[in-house]
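What follows is each chain in one-letter form.
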Amino acid sequence: MDKMQSDRMAEEDSNKDRPKLYGEYLELSGLLKCQTMTSAEAGKPVHDEHLFIITHQAYELWFKQILFELDSVRDIFTAPVLDEGKTRHINNQLGRITLILKLLVDQFLILETMTPLDFLEFRTHLATASGFQSLQFRLIENKLGLKEESRVKYNQQHYMKVFNDPENIEQLQDSITSPSLLTLVERWLERTPGLAKSEFHFWERYQNAVTRWLEDQWLQPATEESDPQVKETLMAEYQKQKDSFDTVFDPEKHQKAMERGERRLSHKAFQGALMISLYRDESRFNQPFHLLTLLVDIDSLMTKWRYNHVMMVQRMIGSKVGTGGSSGYHYLRSTISDRYKIFLDLFNLSTFLIPRDYIPPLTSTMKRTLSSVLSDDCIEDEVRTRKEYST
């Protein structure tokens with residue numbers, strides 16, 4: 001080995017040992033060179049193309065972080081037994097996803113500082129490039145639990161047709177076949193304490209409570225009403241409410257609603273979600289209720305993101321054909337519907353809530369069960385915290 005080679009190796013070893021600088025740690029030398037303006041390459045640079053590239057690259061970076069958090073949450077849920085103490089970690093990560101999505105929704109405001117005429121100057125350089133080809137966004141949809149049959153076809157073909165890279169296709173296939181967050185949450189809800197007959201048999205008590213509420217609220221006043229028109233109105237409302245509740249009381253009706261795509265959760269999982277919502281003030285249900293709320297927030301923000309995207313596309317290109325060959329605005333508008341809501345049942349829970357005065361009181365045994373919020377891990381954390389504080 002000559003001296004020059006020896007010196008080079010010594011320098012490399014020295015560099016490995018020294019702390020990385022800010023730019024090295026973030027690999028900025030490569031990251032900040034990724035903004036290649038196609039308009040500049042064509043010899044006529046368009047100022048706003050740089051904003052367009054930066055904004056979409058920022059979206060993709062945040063999509064990567066969402067997937068990172070989502071995979072972590074799914075890993076926790078896939079454990080044979082979900083330690084309730086882990087619910088806090090799940091909520092922290094889901095909460096982070098909601099904050100990222102809020103940021104992404106607002107990011108359209110920056111993109112909209114570009115005028116339609118500015119966009120038109122470099123749009124032809126995009127060729128067939130389209131946001132529809134975002135692999136990470138499709139992975140997010142699949143891992144959350146968007147059903148294949150719920151998707152609107154893109155140019156009358158399956159969305160995977162736009163991906164040719166074998167690695168991308170493999171990732172998409174894995175995101176479809178592995179348990180989605182919706183599936184994992186469904187399994188978790190089916191294990192809600194208090195659903196079994198041997199515990200509290202919530203569903204039977206809930207049905208009795210609903211019957212009593214409907215009778216007190218509409219049926220009894222209707223039977224006592226002397227005015228025929230008012231009586232008819234009250235009876236019609238009573239029947240309407242009764243029919244609505246029957247769609248969840250009858251397992252067969254619930255199953256048919258699932259087959260029509262109107263519901264996503266199994267009948268038992270729906271019972272669990274409703275019980276958590278009604279008894280949210282109990283210690284053991286506080287964190288699970290927060291979790292369900294975060295899932296609704298994620299769904300809401302995904303819908304807002306789609307809506308803002310639709311509005312921006314209409315503003316920028318009107319009814320022109322999209323860059324990827326789609327119908328542009330008209331295709332995107334079709335994605336803003338309940339068929340794209342993953343946790344649709346959680347949105348509709350409020351339909352089946354009843355006044356607090358009618359919520360079935362917990363038995364003493366069930367009360368104790370729902371007060372047992374501290375798992376072994378939580379107790380260990382508490383003991384450790386107290387020791388650290390005392391020292």
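Keep in mind that what you see is a predicted model, and the values were worked out from it rather than measured.

Asker: Explain the overall build of the protein chain to me, please; I cannot follow it from the model alone.
Answerer: From N to C terminus, the protein chain includes 19 helices and zero strands. Looking at the protein chain as a whole, 40% of its 391 residues are labelled buried. Considering only residue pairs separated by 6 or more positions, the protein chain has 75% of its internal contacts joining residues 24 or more positions apart. Total accessible area on the protein chain is roughly 22,500 Å²; 53% of this is exposed by carbon and sulfur atoms.

Asker: What is the right way to read a nonpolar patch on the surface from this model?
Answerer: Together, Tyr22, Tyr25 and Leu26 give the surface a local cluster of nonpolar side chains, amounting to about 410 Å² of exposed area. Position of Tyr22 relative to the elements: it lies in helix α2 (residues 22–25). Here Tyr22 falls in the exposed class, since its relative accessible area comes to 65%.

Asker: Where do I start with the environment of Thr78 in this structure?
Answerer: Positionally, Thr78 belongs in the loop between α5 (47–77) and α6 (87–111). In this structure Thr78 comes out as partly exposed when scored by relative accessible area, which is 45%. Separated by 107 residues in sequence, Thr78 and Val185 have C-alpha atoms that sit 9.8 Å apart. At 2.7 Å, the side chain of Thr78 forms a polar contact with the backbone oxygen of Asp75.

Asker: Help me understand the packing of aromatic side chains in this model?
Answerer: Aromatic ring pairs are described here by two measures, namely the spacing of the ring centres and the angle between the planes. Applying the stated criterion across every chain yields a total of 23 aromatic pairs. Ring geometry for Tyr59 against Trp305: centres 5.9 Å apart, planes inclined by 90°, an arrangement best described as edge-to-face. Here the residue Tyr59 occupies a position in helix α5, and Trp305 occupies one in helix α15 (residues 283–317), the gap between them amounting to 246 residues. A relative accessible area of 4% means that Tyr59 is categorised as buried. Ring centres of Trp213 and Phe245 lie 6.2 Å apart, and the angle between their planes is 85°; on these two criteria the pair is classed as edge-to-face. With Trp213 in helix α11 (residues 202–224) and Phe245 in helix α12 (residues 228–249), the pair connects residues that are 32 residues apart, well separated along the chain. Each member of the pair Trp213 and Phe245 is classed as buried. Here Lys341 stacks its cationic end above the ring of Phe347, 5.3 Å away from the centre of that ring.

Asker: It is not clear to me how the nonpolar core should be interpreted in this structure. Could you clarify?
Answerer: Core analysis: the largest hydrophobic core is formed by 93 residues, its most contacted members being Phe77, Leu94, Leu181, Phe202, Tyr206 and Ile354. At 15 residues, the largest contribution of residues to this core is made by α15. Every residue in contact with Leu181, bar those within four places of it in the chain, is listed here: Leu70, Val73, Arg74, Phe77, Leu94, Lys143, Leu144, Leu295 and Phe343.

Asker: Explain the packing of helix α10 (residues 181–190) against helix α14 (residues 267–278) to me, please; I cannot follow it from the model alone.
Answerer: Following both chains from N to C, one finds α10 and α14 inclined at 70°, their axes separated by 7 Å at the closest point. As summarised for this structure, α10 and α14 are arranged roughly perpendicular, according to the angle between their axes. Each of Glu186, Trp188, Leu189 and Glu190 in α10 lies in contact with α14, whose residues at this interface are Lys268, Ala269, Gly272, Ala273 and Ile276. Looking at the contact of α10 with α14, its residues break down into five nonpolar, one polar and three charged.

Asker: Explain the pattern of salt bridges to me, please; I cannot follow it from the model alone.
Answerer: Any two side chains of opposite charge can pair if their charged atoms end up close together. Here the structure, examined in full by the defined rule, presents 13 salt bridges. Among the ionic pairs, Lys143 bridges to Asp71, the shortest N-O distance being 3.0 Å. Linking Lys143 in helix α8 (residues 135–144) with Asp71 in helix α5, this pair joins segments that are 72 residues apart in sequence. Of the charged contacts, one joins Asp281 and Arg356 as a salt bridge, the two residues approaching to 3.1 Å between their closest N and O atoms.

Asker: Would you explain a negative patch on the surface in this entry?
Answerer: On the surface, a cluster of negative charge is made up of Asp165, Glu167, Glu170 and Asp174. On the secondary structure map, Glu170 appears in helix α9 (residues 166–177). Owing to a relative accessible area of 58%, Glu170 belongs among the exposed residues under this scheme.

Asker: Which parts of the structure should I look at to understand the confidence of the model for the protein chain?
Answerer: In low-pLDDT segments, the atomic positions of the prediction should not be examined closely. Across the protein chain, pLDDT averages 87, with 85% of residues at or above 70. The spread of mean pLDDT over the elements of the protein chain runs between helix α19 (residues 376–390), the lowest at 44, and α14, the highest at 98. This model gives residues 373–391 a pLDDT under 50, and the stretch forms ten contacts once residues within four places in sequence are excluded.

Asker: Which parts of the structure should I look at to understand α11?
Answerer: The end-to-end C-alpha separation of α11 is 32 Å, in line with the 33 Å expected for 23 residues at 1.5 Å each. Glu215 marks where α11 bends most, by close to 45°. In the core, the buried residues of α11 are packed alongside α12 and α14.

Asker: I tried to follow unusual backbone geometry on my own but got confused; where do I start?
Answerer: What is expected of a backbone is that most residues other than glycine have negative phi and most peptide bonds are trans. Although it is not a glycine, Glu27 sits at a positive phi angle of roughly 55°. Residue placement: Glu27 occurs in the loop between α2 and α3 (28–31). Although it is not a glycine, His201 adopts a positive phi angle of roughly 55°.

Asker: Sorry if this is basic, but what is going on with the side chain of His309 here?
Answerer: You can see His309 is positioned in helix α15. Among the residues examined, His309 registers a relative accessible area of 19% and is labelled buried. For His309, the residues in contact, after removing those within four places along its chain, are Phe108 and Leu332.

Criteria and cut-off values
- Residues numbered from 1 in each chain as written.
- Predicted model: local features only at pLDDT ≥ 70, side-chain atom pairs only at ≥ 80, totals over all residues.
- Heavy atoms only, no water.
- Helix = DSSP H or I, 4+ residues; strand = E, 2+ residues; numbered from the N terminus.
- Buried < 20%, exposed > 50% of the residue type's maximum accessible area, 1.4 Å probe, protein only.
- Contact = heavy atoms within 4.5 Å.
- Areas by Shrake-Rupley, 256 points an atom, 1.4 Å probe, with all protein chains shown as cover.
- Patch = residues over 30% accessible without salt bridge, like charges linked within 9 Å, V, L, I, M, F, W, Y side chains within 5 Å.
- Salt bridge = Lys/Arg side-chain N within 4 Å of Asp/Glu carboxyl O.
- Polar contact = N/O pair within 3.5 Å; in protein donor to acceptor, adjacent residues only side chain to side chain.
- Phe/Tyr/Trp six-rings, centres within 6.5 Å; stacked < 30°, edge-to-face > 60°.
- Lys NZ or Arg CZ within 6 Å of the ring centre and 35° of its normal.
- Core = buried A, V, L, I, M, F, W, Y, C linked by side-chain atoms within 4.5 Å.
- Axes fitted to C-alpha atoms, helices over the stretch in contact; angles between N-to-C directions.
- Parallel < 35°, antiparallel > 145°, perpendicular 65-115°, else oblique.
- Nonpolar A, V, L, I, M, F, W, Y, C, P; charged D, E, K, R; others polar.
- Lys, Arg positive; Asp, Glu negative; His and termini not counted.
- Charge placed at Lys NZ, Arg CZ, Asp CG, Glu CD.
- pLDDT = per-residue confidence, 0-100.
- Expected span 1.5 Å × (residues − 1).
- Bend = angle between axes of the 7 residues up to and from the residue.

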